[in-house]
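The chain contents come next:
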Amino acid sequence: MRATVLHSPGDIRCDDVADPVIEKPTDAIIKLSASCICGSDLWPYRGLQNSTGPMHMGHEYCGIVVEVGSAVKTVRPGQFVVGSFCLSDNTCPHCRFGFPSSCEQREFMSGAQAPYARVPLADGTLVATDEIPADDLIPSLLATSDVLGTGWYAADAARVQPGCTAVVVGDGAVGLMGVLSAKQMGAERIIAMSRHKSRQDLALEYGATHIISERGDAGVARIKELTKGVGADSVLECVGTQESMMQALNCARPGGAIGFVGVPHGVQLDGQGLFFAQKSLMGGPAPVRRYLPYLMDLVLSRTINPGRVFDLEVPLEDVAEGYRAMDERRAIKTLLRLQ
C-alpha cells in the first residue's frame, strides 16, 4: 500500500510500504476512512525532534475494522471505530484513574497516514459507533481522535467552569478546539490569542468572545486590562514554546489553572517563580480515550462540528503539499481522505 514516510527533515513522501498485519492477539487492523496531519507532525518535519531513519507518519484515525486478533473482544470486523493517538489497555491503575495516556502498556500510534493501519491494544483503545456514520461526520469524528480530545483536555486541566474567564494561547488546531471546548464547558468569557484572520474567524465561530493579537508581555497586559487587573481563571496553553508558556502563566490569576498541551520544546520554568505565583499546572499527552465516548456523542448528535478545523483536503499522494501548507501556515489542519 501507499503511506506517508518522513525520510529526513523536509523530505516527506508517499511511498510503497508493506500492508499492516496482526502481530499480537490484542491487535486490530482498520481500513481508514480519513486521516490528517497533526501540528506535532511538524516538529520532526522541521528537524526540531530527533528521528532515526524513515518514520511512518500519522496518529489520528477512524475507519472500519477489517480484522481483529484472537484476544480482541470489544470490537469486530465491520464496525466503524475511532481510537486515541495514545494506545492503552484501559484497565491498568492509571487508566482506571482517568489517565490512559499514562497506561502501563502505553504506546503511541503511528502509521495512520495510510489506507490501512494496525491498532495495538484494540480493546482498550478503540470506540465503536452503533452504526456507520454519515459521510459528512467523518472529519469531526476524526478530530475526536486527537485534536479535539487534546483541546478538551486543555480546558479540563485548566478547570474551565460555567461563568469563568478562559484564555486560549495558540490559534492552531488544538487552540481552536480549546475554544470550542471552553464554550461547551460553559465559560462566560473566552479570549483567543491570535494574529491570523482566518483563525480568528473560526475562533469566534467556536465561541470566542474576545480576540487579542498581541503576544508576550503586551498580550499579558491586554488580558490584565480586560480582566481589570485580575487575570484569567483558566488558561489553555496550546503551543509548547517558552514564550507561550510564560504568556500562559502570566495571564492566569493567583489560584488560577493552566492546562498545557503544547508539546514543550525548550521550555524552562523557574521554581521560585512558580512557588510565589500560586497557580496550578496540569498537562501532558491528552487522555483522549477517557473523553472519546462523550465527544463522539456530541459529534454524532451534531451538537458540535470540530471538523471545521480542517481547511485543506488533499489526496494521500499529495501529502507533501499538506505538510508544506501547514508548515507555511497556509492551512490550519490538513485532512487526508482515504476512501
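Computed from a predicted model, the values in this text were never measured in an experiment. (Residues numbered from 1 in each chain as written. Predicted model: local features only at pLDDT ≥ 70, side-chain atom pairs only at ≥ 80, totals over all residues. Heavy atoms only, no water.)

Caption draft 1: A look at the overall build of the chain. For the chain, the helix and strand inventory stands at twelve helices and 18 strands. Relative to the globule expectation of 20 Å for 339 residues, the C-alpha radius of gyration of the chain, 19 Å, shows essentially globular dimensions. Viewed in the frame of its principal axes, the chain has a C-alpha envelope of about 60 × 40 × 40 Å. For the chain, the proportion of its 339 residues judged to be buried stands at 53%. Taking the intrachain contacts of the chain between residues at least 6 apart in sequence as the baseline, contacts between residues at least 24 apart amount to 70%. Of the accessible surface of the chain, which amounts to about 14300 Å², a share of 49% is contributed by carbon and sulfur atoms. In the chain, 31 side chains carry a positive charge and 38 a negative one; their mean positions are 5 Å apart. (Helix = DSSP H or I, 4+ residues; strand = E, 2+ residues; numbered from the N terminus. Rg over C-alpha atoms; globule rule 2.2 N^0.38 Å. Buried < 20%, exposed > 50% of the residue type's maximum accessible area, 1.4 Å probe, protein only. Contact = heavy atoms within 4.5 Å. Areas by Shrake-Rupley, 256 points an atom, 1.4 Å probe, with all protein chains shown as cover. Lys, Arg positive; Asp, Glu negative; His and termini not counted. Charge placed at Lys NZ, Arg CZ, Asp CG, Glu CD.)

Caption draft 2: Looking closely at the side chain of Thr334. On the secondary structure map, Thr334 appears in strand 18 (residues 334-337). Setting aside anything within four residues of it in sequence, one finds Thr334 in contact with Ser35, Cys36, Ile37, Phe310, Leu312, Val314, Gly322 and Met326.

Caption draft 3: View of the layout of surface pockets. Considering only enclosed or pocket space, the second largest pocket measures out at about 290 Å³ in volume. Lining the second largest pocket are 19 residues, and of these Pro20, His56, Ser110, Gly111 and Arg118 lie nearest its centre. Put simply, the parts of the chain that give the lining of the second largest pocket at least two residues each are strand 8 (107-108) and strand 9 (116-119). Here the lining of the second largest pocket gets three residues from one element, more than from any other, and that element is strand 9. Counted by class, the lining of the second largest pocket contains twelve nonpolar, three polar and four charged residues. (1 Å grid on protein atoms, 1.4 Å probe; cavity = no way out; pocket = protein on both sides within 12 Å on 5 of 7 lines; lining within 4 Å. Points joined across faces, edges and corners; volume = space filled by probe spheres on them. Nonpolar A, V, L, I, M, F, W, Y, C, P; charged D, E, K, R; others polar.)

Caption draft 4: Structural view of helix 12 (residues 319-327). Inspection of helix 12 places Val319, Ala320, Gly322, Tyr323, Ala325 and Met326 among the buried residues, and these make up the whole buried set. Looking one or two residues beyond helix 12, the residue adopting positive phi is Arg329, at roughly 60°.

Caption draft 5: Fine view of empty space enclosed by the protein. All chains considered together, the criterion is met by one cavity of 30 Å³ or more. Looking at the largest cavity, its volume works out to about 40 Å³. Along its surface, the largest cavity is lined by Val168, Gly170, Asp171, Gly175, Leu176, Val179, Ala192, Met193, Ser194, Arg199, Gln200 and Ala203. Looking at the lining of the largest cavity, the elements that each hand over two or more residues are helix 6 (173-184), strand 12 (189-193) and helix 7 (197-206).

Caption draft 6: Here's a closer look at the sheet that holds strand 2 (residues 11-16). Spatially, three strands are ordered 2-1-4 in an open sheet, and the strand pairing comes out antiparallel. The open sheet has two edge strands with one neighbour each: strand 2 and strand 4 (55-56). Taken strand by strand, helix 12 contacts strand 1 (2-8) and strand 2, and its axis lies near 160° from that of strand 2. (Pairing = 2+ DSSP bridges. Axes fitted to C-alpha atoms, helices over the stretch in contact; angles between N-to-C directions.)

Caption draft 7: How the structure looks around helix 7. Turning to helix 7, its buried residues number three or more, namely Arg199, Gln200, Leu202, Ala203 and Tyr206. An end-on view of helix 7 places all buried positions within 165° of arc, on one side of the element. Along its buried surface, helix 7 packs onto helix 6, strand 12 and strand 13 (210-212). Once helix 7 finishes, Gly207 follows within two positions and takes phi at roughly 130°, a positive value. (Arc of directions from axis to C-beta.)

Caption draft 8: Up close: the pattern of salt bridges. Using the criterion set out here, one finds 20 salt bridges in the structure. For Asp327, the salt bridge is made with Arg46, and the minimal N-O distance between the two is 2.6 Å. Taken together, the residues Asp327 in helix 12 and Arg46 in the loop between helix 1 (42-45) and strand 4 connect sequence positions 281 residues apart. By relative accessible area, which is 29% here, Asp327 ends up partly exposed. By relative accessible area, which is 39% here, Arg46 ends up partly exposed. As a salt-bridge pair, Arg330 and Glu321 come within 3.1 Å of each other at their nearest N and O atoms. (Salt bridge = Lys/Arg side-chain N within 4 Å of Asp/Glu carboxyl O.)

Caption draft 9: View of the nonpolar core. Within the largest apolar cluster, 57 residues are counted, with the highest numbers of intra-cluster contacts made by Val160, Tyr206, Leu236 and Val309. Leave out the neighbours within four places in its chain, and Val309 touches Ala173, Leu176, Met177, Leu202, Tyr206, Ile332 and Lys333. One finds Leu42, Tyr61, Ala122 and Leu336 within the second-largest nonpolar core, a separate group that totals 33 residues. (Core = buried A, V, L, I, M, F, W, Y, C linked by side-chain atoms within 4.5 Å.)

Caption draft 10: Region of interest: the sheet that holds strand 12. Spatial strand order, 13-12-11-14-15-16: six strands in an open sheet with parallel pairing. The open sheet terminates on both sides in strands that have one partner only, identified here as strand 13 and strand 16 (280-283). On average, adjacent strands in this sheet sit at an angle of 20° to one another, irrespective of strand direction. In terms of strand pairing, strand 11 (residues 165-169) meets strand 12 through five bridges, oriented parallel. Looking across to strand 12, one finds that Ala166 is bridged to Ile190. On top of the sheet, helix 8 (residues 216-226) reaches strand 11, strand 12, strand 13 and strand 14 (232-237); it is set at about 165° to strand 12, its chief contact.

Everything listed here is a matter of coordinates, which is why it stays silent on function.
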